[in-house]
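So you can see what is in the structure, the chains are spelled out below.
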Amino acid sequence: MEFGGHREAGGFSIREGAIPDFQKMFEEVVEEMSRCPAAPSVFKVDAEVPLGACSLELFSFIERLGPFGAGNPEPVLMVGGLEVLSGTRVVGDGHLKLEARDREGDVRSLIGFSLARAWKPADITGTKVDVLINLRKNVYQGKVEPQL
């Protein structure tokens, strides 16, 4: 038996001849689990911030807290009470580009990777939402901006 990686890593070895039986059993377990009702999602929020605070300076501060991993999770920020604006749209391969205004009147774009299946722009435009974000630095065509 071989081990490696970190404590939360998982892996195993299997004889080639046992793969079909393993695959069948694995698919049965996944099917059974998918029929179970989902537990409510609970998220730990490290701080609530307005859109205007989501700056490159805040990103640099958060970056200094790293490296992030199992023993040091990346901070999760909440931006509450965002009004979803009409510029919200699906981009790329199912990503949601959210145009939103916060309580202070700041307007920003946020990207929700793979969220277009769950949130349709027409259904959420004009509504108020609270979002959880990780703050990133986006460099595109020489322009450096905070990415939410």
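What this report covers is the structure whose coordinates are included nearby. The written sequence of each chain sets the order in which its residues are numbered from 1. The model is predicted, so local features are restricted to residues of pLDDT at least 70 and side-chain atom pairs to those at 80 or more, both for listing and for counting; the totals for chains, interfaces and linings are taken over all residues. In computing side-chain values, all of the structure's heavy atoms are included and hydrogens and water are not.

Considerations on the pattern of salt bridges
Part 1 of the reasoning: Salt bridges are defined by distance alone: a side-chain nitrogen of Lys or Arg within 4 Å of a carboxyl oxygen of Asp or Glu. In this structure the tally under the stated criterion is seven salt bridges.
Part 2 of the reasoning: Of the charged contacts, one joins Glu145 and Lys143 as a salt bridge, the two residues approaching to 3.3 Å between their closest N and O atoms.

A look at the layout of surface pockets
Part 1 of the reasoning: The way it works is a 1 Å grid over only the protein atoms, where trapped points that fit a 1.4 Å probe form a cavity and open points with protein on both sides within 12 Å along at least five of seven lines form a pocket, and then any residue with an atom within 4 Å of a point lines it. Grid points are joined across faces, edges and corners, and a volume is the space filled by probe spheres set on the points. In this structure, the largest pocket occupies an estimated 480 Å³ of space.
Part 2 of the reasoning: Contributing to the lining of the largest pocket are 18 residues, with Ile111, Gly112, Leu115, Leu132 and Ile133 lying nearest its centre.
Part 3 of the reasoning: Per the convention used, a helix needs a DSSP run of H or I reaching at least four residues, while a strand needs a run of E reaching at least two, with both numbered from the N terminus. Broken down by secondary-structure element, the contributors of at least two residues to the lining of the largest pocket are strand S4 (95-101), strand S5 (107-112) and strand S6 (128-133).
Part 4 of the reasoning: The element that contributes the greatest number of residues to the lining of the largest pocket is S6, accounting for four residues.
Part 5 of the reasoning: In this count, Pro and Cys sit with the nonpolar residues alongside Ala, Val, Leu, Ile, Met, Phe, Trp and Tyr, while Asp, Glu, Lys and Arg are called charged and the others, Gly among them, polar. Within the lining of the largest pocket, the residues separate by chemical class into 13 nonpolar, three polar and two charged.
Part 6 of the reasoning: Here the second largest pocket defines a volume of roughly 380 Å³.
Part 7 of the reasoning: If you go around the second largest pocket, you meet 13 residues; those closest to its centre are Lys97, Ser109, Asn138, Glu145 and Gln147.
Part 8 of the reasoning: A breakdown of the residues in the lining of the second largest pocket according to their chemical character gives six nonpolar, three polar and four charged.

Points about the side chain of His95
Part 1 of the reasoning: Inspection of the secondary structure puts His95 in strand S4.
Part 2 of the reasoning: A distance of 3.0 Å separates the side chain of His95 from the backbone nitrogen of Ser114, its partner in a polar contact. For this analysis, a polar contact is any N or O atom pair within 3.5 Å, provided that within protein one partner can donate a hydrogen and the other can accept it, and provided that sequence-adjacent residues contribute only side-chain to side-chain pairs.

Some words on a nonpolar patch on the surface
Part 1 of the reasoning: Where nonpolar side chains cluster on the molecular surface, the patch consists of Phe12, Ile14, Ile19, Phe22, Phe26 and Val30 and spans about 560 Å² of accessible area.
Part 2 of the reasoning: With a relative accessible area of 35%, Phe22 lands in the partly exposed category. The patches reported here contain residues having more than 30% relative accessible area and no salt bridge. Joining distances are 9 Å for like charges and 5 Å for nonpolar side chains (Val, Leu, Ile, Met, Phe, Trp, Tyr). A 1.4 Å probe and the Shrake-Rupley method give the accessible areas. Residues count as covered only by the protein chains that appear here. Summary of the burial criterion: residues with accessible area below 20% of their type's maximum are buried, those above 50% are exposed, and those between are partly exposed, where the area comes from a 1.4 Å probe applied to protein chains only.

Some points on the environment of Val107
Part 1 of the reasoning: Following the sequence through the fold, Val107 ends up in strand S5.
Part 2 of the reasoning: On a C-alpha basis, the gap between Val107 and Ser60 in space is 22 Å, while along the polypeptide they are 47 residues apart.
Part 3 of the reasoning: Those residues in contact with Val107 that lie beyond four places of it in its chain are Leu51, Leu85, Ala100 and Arg101. Contact between two residues is taken to exist if any of their heavy atoms lie within 4.5 Å; hydrogens are not considered.

Examining the side chain of Glu99
Part 1 of the reasoning: Tracing the sequence through the fold places Glu99 in strand S4.
Part 2 of the reasoning: Assessed through its relative accessible area of 16%, Glu99 is described here as buried.
Part 3 of the reasoning: There is a polar contact of 2.6 Å between the side chain of Glu99 and the side chain of Ser109.
Part 4 of the reasoning: If sequence neighbours within four positions are ignored, Glu99 has contacts with Glu83, Val84, Leu85, Gly87, Thr88, Arg89, Arg108 and Ser109.

Describing the pairing of S5
Part 1 of the reasoning: The sheet contact formed by S4 and S5 spans six bridges and is antiparallel. Bridge pairing in S5 links Lys97 to Ile111.
Part 2 of the reasoning: Note on pairing: two strands pair once DSSP finds at least 2 bridges between them. Here S4 folds back onto S5, and the loop between the two strands holds five residues, one of which, Gly105, carries a positive phi near 95°.

Some details on the environment of Pro146
Part 1 of the reasoning: One can find Pro146 in strand S8 (residues 143-147).
Part 2 of the reasoning: Note on Pro146: relative accessible area 23%, which makes it partly exposed.
Part 3 of the reasoning: Along the sequence, Pro146 and Cys54 sit 92 residues apart, while their C-alpha atoms lie 6.8 Å from each other.
Part 4 of the reasoning: Discounting residues that sit within four places of it in the chain, Pro146 has contacts with Cys54, Ser55, Leu56, Arg108, Leu135 and Arg136.

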